[in-house]
Amino acid sequence: MATFNLQINGKNQQVDVAPDTPMLWVLRDHIKLVGTKYGCGVSMCGACTIHLDGEAVRSCQTTVSAAEGKSITTIEGLSEKGDHPVQKAWLEMDVAQCGYCQAGQIMSAAALLERNPNPSDQEIETAMNGNICRCGTYTRIKQAVKTAAANSQS
Amino acid sequence: MTLIKTHHNRRSFLKVSAAAGGGMMIGFNWLTSCTPASEPAIAIPNEWFDINGYIKIGDTGLVTIFSPNPEIGQNVMTSMPMVVAEELDVKWDHVVVEQGALDEDAFKNPQFAGGSLSIKLGWDALRMAGAAGKRMLLEAAAKEWAVDISELSASEGVISEKNGERSVGYGEIASKAAGIEVPEELELKEPKDYKLIGTFQKNVEGPKIVTGKPLFGLDYEKEGMVLAMIQHPPAFGMKIRDFNEGEIKAMDGVKDAFIIDTTTEEPIWAETNAFNNLIAIIGDTTWELMQAKKALKVNYETVSDPENSEMHEQWLIEGFDKGNVEESRTDGDPDAAFAKAAKVIERTFTSPFMAHNTMEPMNFFAHVTGDSAELTGPTQTPEALREAAAKLLGMDEDNISVNMTRMGGGFGRRLYVHFGLEAAAISKQLGAPVKMIYTREDDMTQGTYRPAYRSTYKAGLDADNNLIAFSVKGVGLPEGPVFPNRFPAGTVDNYTAVKLGMPTNISTGAWRAPRSHFTAGAEQSFIDEVAELAGKDPIEFRLELFERAKNNPVGEENDYDAARYAGVLELVKEKANWGTSIPGMHRGVAAYYCHNSYVAQVFDVAMESGQPKVKKVWCAVDCGIVVNREGAKNIIEGGVVDGIGHGMYSELKFENGSSVHNNFNSYQLIRHSQAPEEIEVFFVENEIAPTGLGEPGLPPAEAALANALYQATGTRYYHRPFSTADQGQERIEIG
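Residues numbered from 1 in each chain as written. Chains lettered and ligands numbered in written order. Predicted model: local features only at pLDDT ≥ 70, side-chain atom pairs only at ≥ 80, totals over all residues.

Along the backbone of chain B there are 18 helices and 30 strands. Against the 2.2 N^0.38 benchmark of 27 Å for 735 residues, chain B shows a C-alpha radius of gyration of 27 Å, consistent with a compact globule. Overall, chain B is about 80 × 75 × 50 Å in size when its C-alpha atoms are taken along their principal axes. Each of the 735 residues in chain B was classed as buried or not, and the buried ones make up 58%. A fraction of 79% describes how many contacts in chain B between residues 6 or more apart in sequence connect residues 24 or more apart. (Helix = DSSP H or I, 4+ residues; strand = E, 2+ residues; numbered from the N terminus. Rg over C-alpha atoms; globule rule 2.2 N^0.38 Å. Buried ≥ 20, exposed ≤ 12 C-beta atoms within 10 Å, placed from the backbone. Contact = placed C-beta atoms within 7 Å.)

Right, here's the structure in full:
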């Protein structure tokens, strides 16, 4: 066990955990931010995607020791009022079915648009391919990413 | 006018108080647990009045509607309350939706999510709940103003005198409406008068989903709660004997470890479970429990022989002769007809075991005390869970409450209740509230899989290319995939269908559109090949068969409406401009009827860098009245993607009794780049009572894809998964 000082959604948080504890479980079990989802634990489904200094990473493979000193953003901190362009586009396209994977999809999409504000279809597919949606909402997700891109530029 | 009886069973619909929902999510007060249908357009009430099991009306006119059925992503939490709101006649932005708890007496509706049945079975109860509420409010106003109820009308939350000045909002009169008796019959709206049903409404939980609010079973938290993880045996046919209990208990973060047994007497179907005895490890954090799981040293005993995929393939072949006949049908004299046929074609289709792989792994919360139990979590069958838990805990069902969280996918997996029972058994032993969670590996290797199938189809054409004989024989481990009374039964004089089962110790269960998804894929691919042999257009060939079934059906027990079946084919033909050809684009079509709805699909596939890409899919759907067009389109689109994904990529293989796939690095699910570029969904417009859509969108997709792939590649795809299975022909690599 060791103490880690984390910056999560702009707030300082201290946790006392083993250094190899993945951020996924620090967030869910210790900070009680459960918007970040567990899907596979091996970085294959993207449900646990968060931002580390603005980059989309899989929190199941990001240890607490690697996250210390970096700016951590979760779905709860993506916007104050749930009005990030990507969140708004997700609502506009009524993307979700079960909704379980969507926090991870949104975090991947938000990071994509941050570095590439006007991605092509292929760039969207490449950036989003690590995020599985078992309900099959992929066509709506792609539309929502394009909608968010368009709305961010207008 | 449509009248509906309000008195069901022994008790009046209205004499039941609104028990549902109260105190459901601990730590959530009403203001945060309610879900506005959109941003509520009116103020939060100070006082609420129970109208009936579905409806609470606040003094400001805000209405709470409890959604009775489990939400697995099929969007019933939006569509079911829409039906209530339609008959109650309130504005949708004056409605907030809450998930109801298990209380079938209050809801007068079977509370389960399965068989695409929520809307079909709930249609009367939902409309009655709304109409009864409206009637009570009208009577209260009539009494207040001392006029006859016939002089009043109600619309969009306001009651008005037809020939007078006075009007009153539902919120103002609600206190006086609570408790009013309604007559034995109620008037329901005619479909032409619907204002809300048939519109596009967004998922009522969308705002919570996109902001990461706690909605799912895995997110559930209760004060004093501990976590538990389980370990089941590594192979089917094995049982746990003992484990290194002392070492595990001494690990950091481990509070306890023990073996549980969830065996009950006379298990019901929902208790399907290969592993009734499990190791449970208890602690405060998931990561520490995962480490403890890795440190387990377990002694197992073998109780039945370990199976492997080679055996399964062999048994599916042997089952053709040795299988247990579960259902069959014969019309005419198929043998004689095949003997005199000018052309005969026979093809065999196969599909391996598959896993459900809901994105949210199995989990459940339980708090079992000496005389009561609270069970909260993701279940498609809360009533079955209560029944099984009552047996397991030796407790009266009345002392067990079951609450439903939103589910991170169901697909049939959560029809089975073992994970709820496991949580209950652990909580009982601990004497504490516990949330039991599976790892992905636990989830994918636990069983309850989609069965493995093999079907052989045979068709005979006469010299004029008319279908004169048809036969299908299908084997499944453990249950066969054939539906003897479905198409093409009724369209051909000489017909035989046999459904056969062979035993396995792999546990299996219902998987989205059980049996239909495989049978549709096989049958509709075969029909495509028969049409080709007959030299006919695949849609025209099917329409000819339905014409026969409409005018002069063979047999009396044909399990479909030929006119509606033909209707979706005609609609998809029109919308997709069938018959036109675009250079480089390859088309396939399929249609299927299951779960009371009809769906036809056309796929356009192009080859890009030697790989097939689904460019566009057209879907034509007949589910009767469409309640929520937005949700309906979304679920059909999902069915298409799911059908492509599982047709192309998914399989579960076995070695030494174990699934060799245990996570998404070895079990392939469809991803963004493999999904269609565009999907369009069209509905047949009619006023037939609505049926469900959770399942019917999936089955035709596999066949429409296979038929388009054939046009693109010249290879017929008989064996799943298409991307890796040997098709026994010259073929190109795809996937």
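The rest of the description comes next.
Turning next to the domain arrangement of chain B. All names here are of chain B. Looking at chain B, the domain boundaries give domain 1 (2-211), domain 2 (217-303 + 362-437) and domain 3 (323-353 + 449-502 + 512-713). Once you take the C-alpha centre of each, domain 1 and domain 3 turn out to be 39 Å apart. At the interface, 21 residues of domain 1 touch 21 residues of domain 3. Contributing elements (two or more residues each) for the side of domain 1 that touches domain 3: α2 (76-88) and α4 (118-145). Residues that form the side of domain 1 that touches domain 3 fall into these classes: eight nonpolar, 11 polar and two charged. (Domains from an automatic or database assignment. Nonpolar A, V, L, I, M, F, W, Y, C, P; charged D, E, K, R; others polar.)

A few words on α4 of chain B. Each turn of an α-helix holds 3.6 residues, which means side chains three or four residues apart point in the same direction. Residues and elements named next belong to chain B. Look at α4: 39 Å from first C-alpha to last across 28 residues, which is about the 40 Å you get at 1.5 Å a residue. Largest kink in α4: about 40°, centred on D124. One or two steps after α4, the chain reaches A146, where phi turns positive at roughly 55°. (Expected span 1.5 Å × (residues − 1). Bend = angle between axes of the 7 residues up to and from the residue.)

Residue and element names in this part refer to chain A. Ordered in space as β2-β1-β5-β3-β4, the five strands form an open sheet in which the pairing is mixed. Looking along the sheet, the strands with just one partner apiece sit at the ends: β2 (11-17) and β4 (55-58). Each strand of the sheet is rotated relative to its neighbour by a mean of 40°, with strand direction disregarded. In this sheet, β4 lies alongside strand β3 (residues 49-52) in antiparallel orientation, the contact comprising four bridges. Each bridged residue has a counterpart across the sheet, and for L52 the counterpart in β4 is E55. Its contacts with the sheet put helix α1 (residues 23-31) on β1 (2-8), β2, β3 and β5 (71-73), and the angle it makes with β2 is roughly 100°. Those strands touched by helix α4 (residues 102-115) are β3 and β4, and its axis lies near 35° from that of β3. (Pairing = 2+ DSSP bridges. Axes fitted to C-alpha atoms, helices over the stretch in contact; angles between N-to-C directions.)

Here the focus is helix α18 (residues 699-713) of chain B. Residue and element names in this part refer to chain B. Under the 1.5 Å per step criterion, the end-to-end length of α18 is 22 Å for 15 residues, consistent within 8% with the ideal 21 Å. α18 sits mainly inside the fold: 13 of its 15 residues count as buried. Phi turns positive one or two residues past the end of α18, at G714, with a value near 80°.

Glancing now at the domain arrangement of chain A. Residue and element names in this part refer to chain A. Entries for chain A in the domain assignment read domain 1 (2-77) and domain 2 (85-153). On a C-alpha basis, the centroid separation for the pair domain 1 and domain 2 is 21 Å. The interface of domain 1 with domain 2 comprises 15 residues on the first partner and 12 residues on the second. Among the secondary structure elements, those contributing two or more residues to the side of domain 1 that touches domain 2 are β3 and β4. Of the residues forming the side of domain 1 that touches domain 2, the biggest block, three residues, is contributed by β3. Grouping the amino acids of the side of domain 1 that touches domain 2 by side-chain chemistry returns six nonpolar, seven polar and two charged.

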